Amino acid sequence: MRPTFLFISTILVAMLAPTVVLAKGDLAPEEFRSILQVGFAMQRTAQYDDINGGPDRFVAFGDRSGRLSVYGFRSSSNRGRLWSSHSLDGNVEEVLVADLDNDGVVDHLVCRTPRRVYAFDIRDEFRNTYESLPNHFRSISAFTVANVDRDHQQEIVVAADDQIHYVDGSSFLREWTSMDRYQVIQIRAGDVDGDRSVELVLDTGQVLDASSGREEWAASDPFGLRLELLDLNGDGFPEIVGESPGLPLRIWEGSSQRELRVN
């Protein structure tokens with residue numbers, strides 16, 4: 001199913017939310033309706049504002065011909081396609097904007113193809129700062145960016161070859177590879193249980209402690225083929241929101257390790 005269709009389907013499902021009666025103790029109607037304000041991000045696009053504080057907004061788009069391009073949308077001086085990468089190793093499957101040096105300012109575009117990960121420095125005319133070697137990964141199924149080990153910089157978290165790998169966001173050296181094996185389609189990172197540390201959330205329904213790699217808990221069912229972390233109730237910690245084709249949105253609360261059921 002095409003990403004645009006899935007995005008529209010998500011919004012249509014969410015528009016029915018006000019007619020749903022929620023079980024006692026779960027998300028209040030106004031909290032559930034906040035889903036209306038947020039759609040699932042399409043995997044091959046990412047947007048960011050002018051890193052110099054200007055009014056411009058930019059969208060990075062990865063296409064199936066293997067190029068990553070950046071478009072400007074606001075000012076007349078930065079409108080249209082501003083930059084395009086060299087030909088990458090296959091279709092661009094996912095694009096992220098990232099603050100790799102963890103200084104509070106977005107500085108990189110990071111994308112993946114079926115076998116390789118790339119990083120481009122937004123501050124330096126999109127200089128290609130990292131490109132994984134062809135033999136590093138045979139098959140990449142998902143990735144994200146997070147500070148998983150509490151050092152200064154963030155890490156690129158790669159789900160590849162049924163394992164999870166950490167690539168340092170400064171040296172771009174591989175720091176860690178999981179011993180356990182996971183068949184991951186989507187991966188997200190965030191503090192979902194309020195313990196002030198990062199968890200890795202896998203579409204399989206597993207939640208891992210990012211620093212140790214151990215499993216903290218697992219849902220009785222997979223979270224879904226499409227996965228996002230969204231703070232729906234405004235407590236500062238995101239809930240896990242999952243969706244699969246033909247099924248309604250499902251929401252899990254990490255602190256209680258339970259699904260917020262909609263009746």
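In this report, we go over the structure that sits alongside the text. (Residues numbered from 1 in each chain as written. Predicted model: local features only at pLDDT ≥ 70, side-chain atom pairs only at ≥ 80, totals over all residues. Heavy atoms only, no water.)

1. Observations regarding the sheet that holds strand β13 (residues 187–190)
The condition is simple: Paired strands, in this sense, are two strands between which DSSP finds at least two bridges. In this description a helix means any DSSP run of H or I spanning at least four residues, a strand means any run of E spanning at least two, and both kinds are numbered starting from the N terminus. Comment: axis = line fitted to C-alpha atoms, over the contacting stretch for helices; angle = value between 0 and 180 degrees taken between N-to-C directions.
Taken together, 4 strands build an open sheet; the order of strands is β13-β14-β15-β16 and the sheet is antiparallel. Because the sheet does not close on itself, it has two edges, and the strands there are β13 and β16 (215–218). Looking at each pair of strands side by side, their axes are set apart by 20 degrees on average, direction ignored.

2. A word on the environment of Arg174
So the rule is basically this: Contact criterion: two residues are considered in contact whenever any of their non-hydrogen atoms come within 4.5 Å of each other. Any N or O atom pair separated by 3.5 Å or less is treated as a polar contact, with the protein-specific requirement of one donor-capable and one acceptor-capable atom, and with residues adjacent in sequence counted only for side-chain atom pairs.
Along the polypeptide, Arg174 turns up in strand β12 (residues 174–177). For Arg174, the contacting residues outside a window of four places in its chain are His136, Phe137, His165, Tyr166 and Val167. At 3.1 Å, the side chain of Arg174 and the backbone oxygen of His136 are in polar contact. A polar side-chain atom of Arg174 sits 3.3 Å from a polar atom in the side chain of His165.

3. As for the pattern of salt bridges
Should the charged atoms of two oppositely charged side chains come close, the side chains can pair. Quick note on the threshold: A side-chain nitrogen of Lys or Arg and a carboxyl oxygen of Asp or Glu constitute a salt bridge if their distance falls within 4 Å. When a residue's accessible area, from a 1.4 Å probe over protein chains only, is under 20% of the maximum for its type it is buried; when over 50% it is exposed; and in between it is partly exposed.
All chains considered together, the criterion is met by 13 salt bridges. Notably, a salt bridge pairs Arg226 with Glu243, separated by 2.9 Å at the nearest N-O pair. Placement of Arg226 in strand β17 (residues 226–230) and of Glu243 in strand β18 (residues 239–243) is noted, with a sequence separation of 17 residues between them. The same class applies to Arg226 as to Glu243, namely buried. Here the residues in one salt-bridge network are Glu94, Arg112, Arg188 and Glu228, joined through shared partners.

4. Looking at unusual backbone geometry
Trans is the prevailing form of peptide bonds, just as negative phi is the prevailing case for residues other than glycine. Backbone geometry places Phe126, a non-glycine residue, at a positive phi of 60 degrees. Tracing the chain through its elements places Phe126 in the loop between β7 (117–121) and β8 (127–131). A residue is classified by how much of its surface remains accessible, and Phe126, at 15% relative accessible area, is buried. If you check the backbone angles, Asp161 has positive phi at about 55 degrees while not being a glycine.

5. Side note on the packing of aromatic side chains
Keep this limit in mind: Two aromatic rings, drawn from Phe, Tyr or Trp (for Trp, its six-membered ring), form a pair once their centres lie within 6.5 Å of each other, and the interplanar angle then sorts them: stacked below 30 degrees, edge-to-face above 60, tilted otherwise.
Per the counting criterion, the structure on display carries 8 aromatic pairs. Centre to centre, the rings of Trp83 and Phe126 are 4.6 Å apart; their planes meet at 20 degrees, and the pair counts as stacked. On the criterion of sequence distance, the pair formed by Trp83 in strand β4 (residues 80–84) and Phe126 in the loop between β7 and β8 is long-range, its members being 43 residues apart. Each ring, one from Tyr166 and one from Trp176, has its centre 4.7 Å from the other, and the planes form 40 degrees; the classification is tilted.

6. Some thoughts on the side chain of Asp99
Keep this limit in mind: In this charge count, Lys and Arg are treated as positive and Asp and Glu as negative; neither His nor the chain ends contribute.
Residue position: Asp99 is located in the loop between β5 (94–98) and β6 (108–112). Arg123 is the oppositely charged side chain nearest to the buried, salt-bridge-free Asp99, at an N-O distance of 6.8 Å. Within the structure, Asp99 has its side chain in polar contact with the backbone nitrogen of Asp103 (distance 3.1 Å). At 2.7 Å, the side chain of Asp99 and the backbone nitrogen of Gly104 are in polar contact. Among residues more than four places away in sequence, those in contact with Asp99 are Gly104, Val105, Val106, Asp107 and Gln154.

7. Quick look at the sheet that holds β6
Each strand in a sheet pairs with another by means of backbone hydrogen bonds, the pair being arranged parallel or else antiparallel. Pairing in this open sheet of 4 strands is antiparallel, and the strands run β5-β6-β7-β8 from one edge to the other. Edge positions in the sheet fall to β5 and β8, since each has one partner strand and no second. With direction set aside, neighbouring strand axes in the sheet form an average angle of 20 degrees. As judged from the 4 bridges shared by β7 and β8, these two strands associate in the antiparallel manner. Opposite Asp121, over in β8, you have Arg127 as the bridge partner.

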